[in-house]
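An overview of the molecular structure
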Amino acid sequence: MISVERVIVVRRPLAELVAYLADFSHTEEWDPGTVRCVRLDDGPVRPGARWRNTSRFRGRETELHYELAVHEPARLVFVGENRTVRATDDLRFADEGTATRLTYRASLRFKGFARLAEPFLRAEFERLGDAVATRLPLAAGARDA
């Protein structure tokens, strides 16, 4: 399994940041790997809400179906899956004055033969984590919840 964790301070109140990030379609704005992210159902964003996320990694596009597994006042967990990988994005929030400290952990568990590539992919996922840590505060700060 590959896990990447970043602690990011976002100049936005906790409740607003949680509301913004709970809509996973916003990954188009802050995740440099995301090409498209489309909500697959209607209604309020709550556990069970689903999205189709298309990402580009190493020059190839891949699609994962994500579901919001946990929606709490200071925590969100999204689980995405396709035939080669299961991805979990665990976001934890804490007040930091007028800003919010976000601990973002992305974990990927590859399936079958794809597991053999994990040692070779770790550095690229670390770079992607750095890019998220740079883009997310800018995207979230420029947007209404």
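Residues numbered from 1 in each chain as written. Predicted model: local features only at pLDDT ≥ 70, side-chain atom pairs only at ≥ 80, totals over all residues. Heavy atoms only, no water.

**Some thoughts on the nonpolar core**
Counting 34 residues, the largest nonpolar core has Leu-21, Leu-76, Phe-93 and Leu-102 as the members making the most contacts within it. Looking at this core, the elements with two or more residues in it are strand S1 (2–10), helix H1 (14–22), strand S4 (60–72), strand S5 (75–81), strand S6 (85–96), strand S7 (99–110) and helix H3 (118–141). Here the element with the most residues in this core is H1; it accounts for six residues. Not counting residues up to four positions away in its chain, the partners in contact with Leu-21 are Trp-30, Leu-76, Phe-78, Leu-91, Phe-93, Leu-102 and Leu-136. (Core = buried A, V, L, I, M, F, W, Y, C linked by side-chain atoms within 4.5 Å. Buried < 20%, exposed > 50% of the residue type's maximum accessible area, 1.4 Å probe, protein only. Helix = DSSP H or I, 4+ residues; strand = E, 2+ residues; numbered from the N terminus. Contact = heavy atoms within 4.5 Å.)

**Here's the deal with the confidence of the model for the protein chain**
For the protein chain, the mean per-residue pLDDT works out to 91, and 92% of the residues sit at or above 70. H3 is the least confidently modelled element of the protein chain, averaging 85 in pLDDT, while S5 averages 98, the highest of any element. (pLDDT = per-residue confidence, 0-100.)

**Observations regarding the pattern of salt bridges**
Pairing of side chains with opposite charge becomes possible as their charged atoms draw close. If you walk through the whole model with that rule in mind, you get 13 salt bridges. We note a salt bridge from Arg-6 to Glu-126, for which the minimum N-O separation is 2.8 Å. Taken together, the residues Arg-6 in strand S1 and Glu-126 in helix H3 connect sequence positions 120 residues apart. Classification of Arg-6 by relative accessible area gives buried; the value is 15%. In this structure Glu-126 comes out as partly exposed when scored by relative accessible area, which is 29%. (Salt bridge = Lys/Arg side-chain N within 4 Å of Asp/Glu carboxyl O.)

**Some remarks on the sheet that holds S1**
In space, the seven strands of this open sheet follow the order S1-S7-S6-S5-S4-S3-S2, with antiparallel pairing throughout. With one partner strand each, in any of the chains shown, S1 and strand S2 (34–39) form the two edges of the open sheet. In this sheet, adjacent strand axes meet at a mean angle of 20° when their direction is disregarded. With nine bridges connecting them, S1 and S7 associate as antiparallel partners. When the sheet's bridge partners are listed, Val-7 is paired in S7 with Thr-103. On top of the sheet, H1 reaches S1, strand S3 (50–57), S4, S5, S6 and S7; it is set at about 165° to S6, its chief contact. (Pairing = 2+ DSSP bridges. Axes fitted to C-alpha atoms, helices over the stretch in contact; angles between N-to-C directions.)

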